[in-house]
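Spelled out from the first residue to the last, the chains are:
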Amino acid sequence: MPPSKLTLVRRGSSTNIHRDESRPGELIFEFCDNFSAFDVGRCDQGIPGKAVAMCTTAVKSFEIARVLGIPTHFVGKRSDISIRVREVPIVREWLTSESTNYFVPLEWISRFRLSGSLLRDFRDEKKLPTSYGFATNAVPPEGTPLPWPVNHVTTKLEKVDREIVGLEGRELAGLTEKDEARIWAMLNVLSGGLNLAWSMAGFVRFDGKMEVGMMNGRTPTVVDRFGTPDEDRPVLASALKDRVVEHYGKEFLMQYLIRSGFKKAVDAARKAGTPDPTYPNIPEEVLLEAGRRYSVFAEAYEKVTL
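Quick notes on the rules
Residues numbered from 1 in each chain as written. Predicted model: local features only at pLDDT ≥ 70, side-chain atom pairs only at ≥ 80, totals over all residues. Heavy atoms only, no water. Helix = DSSP H or I, 4+ residues; strand = E, 2+ residues; numbered from the N terminus. Buried < 20%, exposed > 50% of the residue type's maximum accessible area, 1.4 Å probe, protein only. Contact = heavy atoms within 4.5 Å. Areas by Shrake-Rupley, 256 points an atom, 1.4 Å probe, with all protein chains shown as cover. Lys, Arg positive; Asp, Glu negative; His and termini not counted. Charge placed at Lys NZ, Arg CZ, Asp CG, Glu CD. Salt bridge = Lys/Arg side-chain N within 4 Å of Asp/Glu carboxyl O. Polar contact = N/O pair within 3.5 Å; in protein donor to acceptor, adjacent residues only side chain to side chain. Core = buried A, V, L, I, M, F, W, Y, C linked by side-chain atoms within 4.5 Å. Pairing = 2+ DSSP bridges. Axes fitted to C-alpha atoms, helices over the stretch in contact; angles between N-to-C directions. Phe/Tyr/Trp six-rings, centres within 6.5 Å; stacked < 30°, edge-to-face > 60°. Lys NZ or Arg CZ within 6 Å of the ring centre and 35° of its normal. Disulfide = S-S within 2.5 Å.

**Q** Explanation requested: the overall build of the protein in the structure shown.
**A** Within the protein, the secondary structure is distributed over eight helices and 15 strands. C-alpha extents for the protein along the principal axes are approximately 60 × 45 × 45 Å. Across the 306 residues in the protein, those meeting the buried criterion constitute 50%. Taking the contacts inside the protein whose residues are at least 6 apart along the sequence as the reference set, 65% of them involve residues at least 24 apart. Approximately 14,800 Å² of the protein is accessible, and the part contributed by carbon and sulfur atoms is 52%. Positive and negative charge centroids in the protein, built from 42 and 41 side chains respectively, lie 1 Å apart.

Structure representation (structure tokens):
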């Protein structure tokens, strides 16, 4: 057979998407060692071993979804750094509850422990801990269990993701209240399976992001990738028992960029309406340690059997 002809569809911040002309209706997700932070775009520096770790964890998470009976667009693993998926059309015109077979332009986020942007919003007084069930507005330490799981959505196809609620979110995505409830019910089951698998691997899942398509008509279907060290926050369980938060995914690098002042520079540029700053040069030892953590998590997660 002649070799497959691949056409680059999109060069993402950490994934290149190709179309294989010999397999209509499918796409190839090719994972890269590159990364992005704070919606700035792809950083030219890479994390050694990240692409393999991302592919390994994505495949494992799709397998868990299959065991749970949750529909996804996953077709199969193609190589150590790539997978095949069914294509989900991105519809740019106005969506309605009658629209079919399209990518829902929202990111569905579930939080279980305090970390990341929510913790930063507490510290910056953009959000109040009492609004999330805490007894006072004193900021709890990172890793504190939330009084209850928090589900919320952000936009997905805008330049910078923003939190969106209620009717505005449903109208943007062409969803009814019943659709929204069905999607959250599906994602909550999947989150439970991922939380269990991560625990068996020796990690705690602080939070996670998922994406959805309305496929085969209007059947909610989990798409893109999920349950990876980029979309979710794996934290080493053994260290957490001693109240030490050791991130084994992108958050490790995000916190380095915050300490370096890059996040403040990004916020200042956006407030002033000027272009985002370029990424600082990240020391090799930081990138190597990030890669080690991605790989350790991936190897442990891959061995889990549900």
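**Q** Please clarify how the side chain of Arg-42 should be interpreted in this entry.
**A** Positionally, Arg-42 belongs in strand β5 (residues 42-43). For the buried residue Arg-42, which engages in no salt bridge, the nearest side chain bearing the opposite charge is Asp-44, 6.4 Å off. Looking at Arg-42, its side chain comes within polar contact range of the side chain of Asn-16, at 3.0 Å. A polar atom in the side chain of Arg-42 sits 3.5 Å from the side chain of Asn-34. In contact with Arg-42, other than residues within four places in its own chain, are Arg-11, Gly-12, Ser-13, Thr-15, Asn-16, Cys-32, Asn-34, Phe-35, Ser-36 and Tyr-279.

**Q** Sorry if this is basic, but what is going on with the nonpolar core here?
**A** Generally speaking, soluble globular proteins have nonpolar side chains that are buried together. Residues Phe-35, Ile-83, Val-104, Trp-108, Leu-175, Leu-187 and Leu-257 are the most contacted members of the largest nonpolar core, which totals 66 residues. Ranked by size, the runner-up nonpolar core spans eight residues in total, among them Leu-114, Leu-118, Phe-122 and Leu-146.

**Q** Help me out: how do you make sense of the sheet that holds strand β6 (residues 74-79) in this one?
**A** Through backbone hydrogen bonds, the strands of a sheet pair up, either in parallel or in antiparallel fashion. With respect to topology, five strands assemble into an open sheet ordered β1-β2-β3-β7-β6, the strand pairing being antiparallel. The open sheet has two edge strands, β1 (6-11) and β6, and neither has a second partner. Across the sheet, the mean angle from the axis of one strand to that of its neighbour is 30°, orientation sign disregarded. Contacts between helix α1 (residues 50-67) and the sheet are confined to β3 (26-31), β6 and β7 (82-86), with β6 contributing the most and set at about 150° to the helix.

**Q** Before we go on, may I ask you to explain the pairing of strand β2 (residues 15-20) in this structure?
**A** Moving residue by residue along a regular strand, the side chains alternate between the two faces of the sheet. Within β2, five of the six residues are buried, which leaves the element mostly enclosed by the surrounding structure. Two strands pair when backbone bridges link them, and β1 and β2 are joined in this way by five bridges, in the antiparallel orientation. Residue Leu-6 lies in a different strand from β2, and its bridge partner there is Asp-20. A loop of three residues connects β1 with β2, the two strands running antiparallel in sequence. Direction of pairing for β2 relative to β3: antiparallel, over a ladder of five bridges. From the neighbouring strand, Arg-19 faces β3, where its bridge partner is Leu-27. Counted along the chain from β2 to the antiparallel partner β3, the turn is five residues long, and its residue Gly-25 has a positive phi close to 85°.

**Q** Even after reading the chapter, I still don't get the packing of aromatic side chains, so can you show me in this structure?
**A** Aromatic ring pairs are described here by two measures, namely the spacing of the ring centres and the angle between the planes. Applying the stated criterion across every chain yields a total of 13 aromatic pairs. The interplanar angle of 70° and the centroid separation of 6.1 Å between the aromatic rings of Trp-198 and Tyr-301 together place this pair among those described as edge-to-face. Highlighted residues: Trp-198 in helix α4 (residues 177-201) and Tyr-301 in helix α8 (residues 284-302), separated in sequence by 103 residues. Here Tyr-301 falls in the buried class, since its relative accessible area comes to 0%. Judged by centre distance (5.1 Å) and plane angle (90°), the ring pair of Phe-203 and Phe-297 falls under edge-to-face. On the criterion of sequence distance, the pair formed by Phe-203 in strand β12 (residues 203-205) and Phe-297 in helix α8 is long-range, its members being 94 residues apart. Like Phe-203, the residue Phe-297 is buried in the burial classification. Clustering of aromatic rings is evident, with ring pairs tying together Trp-198, Phe-203, Tyr-248, Phe-297 and Tyr-301. The ring of Phe-38 carries the charged tip of Lys-263 above its face, separated from the ring centre by 5.6 Å. In this structure, Arg-293 packs its charged tip against the face of Tyr-248, placed 5.1 Å from the ring centre.

**Q** Any chance you could explain the state of the cysteines here in plain terms?
**A** Inspection of the entire model under this criterion finds zero disulfides. No disulfide involves Cys-43; its nearest neighbouring cysteine sulfur is the one of Cys-32, lying 13 Å away. Cys-43 gets classed as buried once you look at its relative accessible area, which sits at 3%.

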